[in-house]
Each structure stands twice: as C-alpha cells, then as structure tokens.
Amino acid sequence: MNAAAKAIAAQGLARRAFSLGAVKAFDQGLQFLLPVVLVRCLDTQTFGEYRLLWLAVGTVMALAPLSMPGGLYYFVPRADAPARRLYIHQTLAFLACTGLLSAFIVSPLNPWLPATLHPLATYGALVPAFVALWVTSCLLDFLPTIEERIPLQAFATISVALARTALVAGGAWLTGDMRVMLWLLLATVVLKFALLLAYIGRFHGWRRPWFERRVFAGQFSYTAPFGLASACYVLRSQADQWVAATLFTLHSFASFSIAAILGQVVNIFRQSVVEAFMPSMSRLEAAGDARSMMEMNARANAMVGMLLLPLLGFVFAFAEDIVSLVYTASYVNAAAVMRVYIVGLAALVVELSTVLQLLRQGPFSLAMNMVMLVISVPLSWYGGVHLGLAGAAAGSVSALFIDRTIVLRRIAAISGVPVHAQQYWAALGRYLVWSAGAALTAWLCVHALFAHASLLARLAAGAIVIALVYAPFNLRSRT
C-alpha cells in the first residue's frame with residue numbers, strides 16, 4: 001500500500017472513529033439527562049426503584065454476556081460468510097440462555113432473591129422479561145460496528161436511545177408510575193431486539209448450522225477470560241452501590257447512585273484521550289521501546305490531569321449547589337458521597353489499564369480486580385455502618401489507591417521503568433495543588449459575595465474564579 005492509499009485509509013478510520021464517538025456521546029448524554037427529568041416527575045421512592053432496576057441490570061450485564069459479543073471482533077473479520085453466520089448465531093444463542101438465567105435470578109420465582117431486590121419483585125414478570133431481552137439484544141451494540149457498517153450502528157444506537165428517553169420520560173411525566181415505565185422500557189427493548197433480528201436476517205440469514213460444539217468451545221475459551229476480568233472490574237465499581245442499597249432506604253440509595261454518575265462522566269473524558277494515544281503506544285511496545293511507551297502514557301495522563309483536576313475541584317467545592325440545581329434539593333445527600341468519590345477519581349487520572357493490556361498482563365489484571373473486589377466490599381460495608389451514606393463509598397475509593405500502588409510496581413518490574421519515571425509526577429502534583437487552591441478561592445469568594453444569589457449565579461461565579469486562578473498558570477504545555 002503506497003503513502004497516498006495509507007493516508008486515505010487513515011482518514012477513513014478517523015471518520016469512523018469520530019462518528020462512533022459522536023454516537024456514544026449522544027447516547028451517554030441522553031442517559032445523563034434522563035434522571036434529571038425523572039427526579040422532577042417521580043417521588044423519591046419510585047426514583048429509588050428506578051435506580052435500583054438499573055443497578056441490577058448493570059450487574060447482570062457485567063456477568064451475562066461474558067464478552068461474547070466483543071469476542072466477535074476477533075472471529076468475524078477473519079471468517080468466511082458461513083463461519084461468520086455460525087459465530088453470530090452461537091453468540092445470539094449464548095446471550096439468550098444467559099438472559100433467561102438472569103431473568104430467573106431477578107424474578108420473584110427465585111427463592112434466594114436478595115432482600116435488596118424485593119421492591120422490584122412487586123412488578124411480577126415485567127423486570128425479568130426486560131432483563132432477558134436486554135441481555136439478548138446487547139449484540140446489536142457490537143455487530144454493525146464489527147462488520148464496519150457504521151451508519152447502521154449509528155441508526156440503531158440513536159433510535160433505541162431516543163425511544164428509551166422519550167418513552168420513559170413521557171411515562172414518568174404523565175403518570176409517575178413505575179409499572180408504566182417498566183412497560184415502556186419493555187417496549188424499547190422489544191424494538192432493539194427486533195432491529196437485531198432484522199439485521200441478522202438481512203445480512204446473514206438464518207440457515208443452518210446454528211451451533212457446532214467444537215467451534216463454540218474455541219469461541220468461548222477465547223472470550224471467557226476477558227469476560228471474567230471485565231466482570232470483576234464492573235462488580236468492583238458497583239459493590240459500594242449494592243452496599244448502599246442494602247443498608248439504606250431507597251431514597252438514600254437514589255442519592256448515592258446520583259453521586260456515582262460523576263464517575264461515568266470522568267470515564268468518558270479519559271477514554272477519548274486513551275483512544276487517541278493507544279495506537280502509538282502499541283507500536284512503541286511492539287518495537288520493544290517500553291520507556292517511550294511509558295513516556296506517551298505519562299503525557300496522556302498529564303493532559304487528562306491538567307483538564308480534569310480543576311473540574312473535580314469545582315464539583316468538590318460546589319457539590320451541594322450542583323446536586324440541588326441538577327437533581328433538586330431532595331437529593332442533596334448525594335453531595336457528601338460525591339466528595340468521597342472525587343478523592344478516588346483523582347487517582348484515576350493515572351490511567352494504567354492500557355499499559356497492562358499492551359504488556360499482556362491479562363491474568364494479573366483479573367487477579368488484581370478479584371482481590372480489589374474482596375477488599376472493597378467489607379470496607380464499604382464498614383464505612384456505611386459506622387460513617388453513614390458517604391462512608392459506603394470508602395471501599396471503592398480505597399481500592400483505587402491500593403490498585404494504583406500495586407500496578408505501578410508491577411509495571412516497573414516488567415518494563416524496567418521505575419515508578420518515579422513512569423509519570424510526570426511533578427506536573428500532576430502541580431495541577432492537583434493549583435486545582436485545590438483555585439477551588440478553595442472560588443468557594444470563599446462565592447460564599448462571601450454571592451451567599452444569597454441563585455444557584456446558577458453561584459455556580460457561574462465559582463467557575464469563573466477557578467478559571468481565572470487556574471488557567472493562566474496551567475493551561476499550557478509544560479510537560
């Protein structure tokens with residue numbers, strides 16, 4: 001391939017990446033805005049049930065797919081048409097089976113149903129039916145992209161996101177009834193499942209064979225380790241929410257879950273930088289230049305820290321005002337939890353998962369996530385019992401710092417790059433100190449000059465002060 005052809009291919013990949021990024025951002029934006037609407041339409045009990053539903057669904061989705069849809073990125077592009085159809089049919093069958101199993105686990109028929117989920121059991125078969133179809137139809141989130149049909153992926157994702165947002169928000173606005181919202185969620189997932197079946201029928205058909213034991217064994221053995229590692233990480237991130245749901249009322253749990261939304265925003269921000277740097281880091285590692293790979297990782301993390309730390313400082317200083325403006329004063333308890341989370345999110349500025357992936361440390365990552373899960377659950381339980389709602393977040397936050405300490409040492413042992421040389425520690429420390437100072441200055445100014453102003457005015461004033469203090473000395477390349 002000549003230089004011109006390579007340039008054209010690169011431009012095509014960039015357009016695809018931008019298109020997918022825009023679609024994901026649109027979907028995430030709707031998921032963020034929907035609770036903003038719901039808190040104004042539902043009483044605290046019903047909103048708590050809604051958040052509990054999605055916590056249960058999130059846990060199911062961490063376990064049930066077992067990375068089988070994502071594994072098709074490996075199998076489909078290198079297979080001929082009959083083999084592609086077989087891999088897709090087997091994945092769909094696997095998801096249908098695990099979806100039915102998940103439906104039973106969350107259903108009233110389960111004699112071991114956790115007491116935490118009993119509020120959802122009152123809705124009978126609606127929750128199990130939704131869970132079964134949601135697991136099965138998740139293949140639609142992967143398949144068009146794997147087969148490089150980006151416009152179809154965008155259409156499917158946007159259609160389902162708009163339908164879900166419009167139906168649920170409309171049902172909440174008109175009725176405020178959780179049962180009505182569950183029927184509308186079920187209608188949304190039926191739409192998604194229908195789109196998946198239509199896509200498979202159009203591009204692959206339903207001809208046999210539908211299942212071959214030897215082929216499935218190879219497919220499952222490849223994807224299962226990645227699925228287990230991913231499941232442990234997601235469960236670890238959700239453990240404190242389950243602790244909060246178990247120890248506290250639905251209203252308090254709803255406040256806790258609102259605070260956890262901040263982590264999703266941070267991850268979206270970090271992922272955009274990771275995806276930009278990952279290809280270059282991969283080439284450097286393949287060439288045996290671990291030091292340059294770590295240098296690029298340090299540069300990416302410094303960029304994230306420069307922009308993210310002042311944002312976290314702003315949220316820390318004005319958490320009550322932000323929660324009251326966005327989610328109403330009924331959920332102001334989320335502010336204290338949000339501050340605890342911010343301490344942990346500051347540690348996430350040092351992103352190391354890509355380095356572990358490039359160094360082929362999958363087994364270590366799986367073991368690490370399992371150990372951190374075992375550590376975080378009792379810490380969150382102890383914090384919730386003795387320190388209240390905010391204490392329940394202590395487990396995951398503590399695990400993040402332990403995780404970073406161990407991983408940095410592991411990378412040093414494998415790559416030969418010492419911990420002190422792996423990151424731009426001086427730059428990160430400078431951004432942290434300036435962010436804290438700017439946030440404190442903003443808080444003092446707002447409370448002295450805008451104590452009786454509206455929430456929006458107070459937040460705007462705080463943001464301006466942080467920008468004036470932080471930006472002139474930090475928003476330039478110094479790494």
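As a reminder, the structure under discussion sits directly above these lines.
A short tour of the structure in this document, coming up. (Residues numbered from 1 in each chain as written. Predicted model: local features only at pLDDT ≥ 70, side-chain atom pairs only at ≥ 80, totals over all residues. Heavy atoms only, no water.)

## Remarks on the overall build of the protein chain
Let me state the cut-off plainly: Secondary structure is summarised from DSSP: a helix means a run of H or I of at least four residues, a strand means a run of E of at least two, and numbering begins at the N terminus for each. Restricting the calculation to C-alpha atoms gives the radius of gyration, and the globule rule supplies 2.2 Å times the number of residues raised to the power 0.38. What sets the accessible areas is the Shrake-Rupley method with a 1.4 Å probe; for residues, cover comes only from the shown protein chains. Counting rule applied: Lys, Arg positive; Asp, Glu negative; His and chain ends not counted. All charge positions are set by atom: Lys at NZ, Arg at CZ, Asp at CG, Glu at CD.
Counting its regular elements, the protein chain contains 20 helices and zero strands. Taken against the 2.2 N^0.38 rule, which gives 23 Å for 479 residues, the C-alpha radius of gyration of the protein chain at 23 Å falls within 12% of a compact globule. Accessible surface for the protein chain amounts to roughly 22200 Å². Of this, 69% is attributable to carbon and sulfur atoms. The centroid of the 32 positive side-chain charges in the protein chain is displaced by 6 Å from the centroid of its 18 negative side-chain charges.

## Describing unusual backbone geometry
In this structure, the amide linkage connecting arginine 208 to the following residue, proline 209, adopts the cis form with an omega of 5°. Counting through the fold element by element, proline 209 comes out in the loop between helix H9 (178–203) and helix H10 (213–247). Unlike most non-glycine residues, serine 67 shows phi in positive territory, near 60°. Mapped onto the secondary structure, serine 67 falls in the loop between helix H2 (44–63) and helix H3 (68–75). Of note, threonine 328 is a non-glycine position whose phi angle comes to about 80°, a positive value.

## Quick notes on a nonpolar patch on the surface
Here is the rule: Only residues whose relative accessible area exceeds 30% and that form no salt bridge are eligible for patches; like-charged ones are grouped when within 9 Å, while nonpolar side chains (Val, Leu, Ile, Met, Phe, Trp, Tyr) are grouped when within 5 Å. In what follows, salt bridge is the name for a side-chain nitrogen of Lys or Arg lying within 4 Å of a carboxyl oxygen of Asp or Glu. The cut-offs for exposure are 20% and 50% of the maximum accessible area for each residue type, with area from a 1.4 Å probe on protein chains only; residues under the lower value are buried, those over the upper are exposed, and the others partly exposed.
Together, Leu101, Phe104, Ile105 and Leu109 line one region of the surface with nonpolar side chains, adding up to about 410 Å² of accessible area. With respect to the helices and strands, the residue leucine 101 is situated in helix H4 (residues 81–105). When its relative accessible area of 53% is taken as the criterion, leucine 101 is described as exposed.

## Quick notes on the side chain of asparagine 297
How we decide: The contact criterion used throughout is that any non-hydrogen atoms of two residues lie within 4.5 Å.
Examined against the element boundaries, asparagine 297 turns out to sit in helix H12 (residues 290–317). Excluding its chain neighbours within four sequence positions, the residues that come into contact with asparagine 297 are Met281, Glu351, Leu352, Thr354, Val355 and Gln423.

## Describing H10
How we decide: Given a helix with a known number of residues, its expected span is that number minus one, times 1.5 Å. The seven residues ending at a residue and the seven starting there each receive a fitted axis; the angle between those axes is the bend at that residue.
Taking 1.5 Å of rise per residue, 35 residues should cover 51 Å, yet H10 covers just 45 Å from first to last C-alpha, more than 12% shy of that figure. Bending of H10 peaks at approximately 40° at the position of glutamine 238.

## Concerning the packing of aromatic side chains
What counts here: Pairing of aromatic rings covers Phe, Tyr and Trp, the last counted by its six-membered ring, and requires centre-to-centre distances within 6.5 Å; plane angles under 30 degrees mean stacked, over 60 mean edge-to-face, and any other angle means tilted.
Counting across every chain of the model gives 14 aromatic pairs. Measuring from centroid to centroid gives 5.3 Å for phenylalanine 211 and phenylalanine 216, while their planes differ by 40°, and the two rings are tilted. The interplanar angle of 70° and the centroid separation of 5.9 Å between the aromatic rings of phenylalanine 256 and tyrosine 341 together place this pair among those described as edge-to-face. Taken together, the residues span a long stretch of sequence, with phenylalanine 256 in helix H11 (residues 250–286) and tyrosine 341 in helix H14 (residues 334–347) at a distance of 85 residues. Under the relative-accessibility criterion, phenylalanine 256 is labelled buried at 0%.

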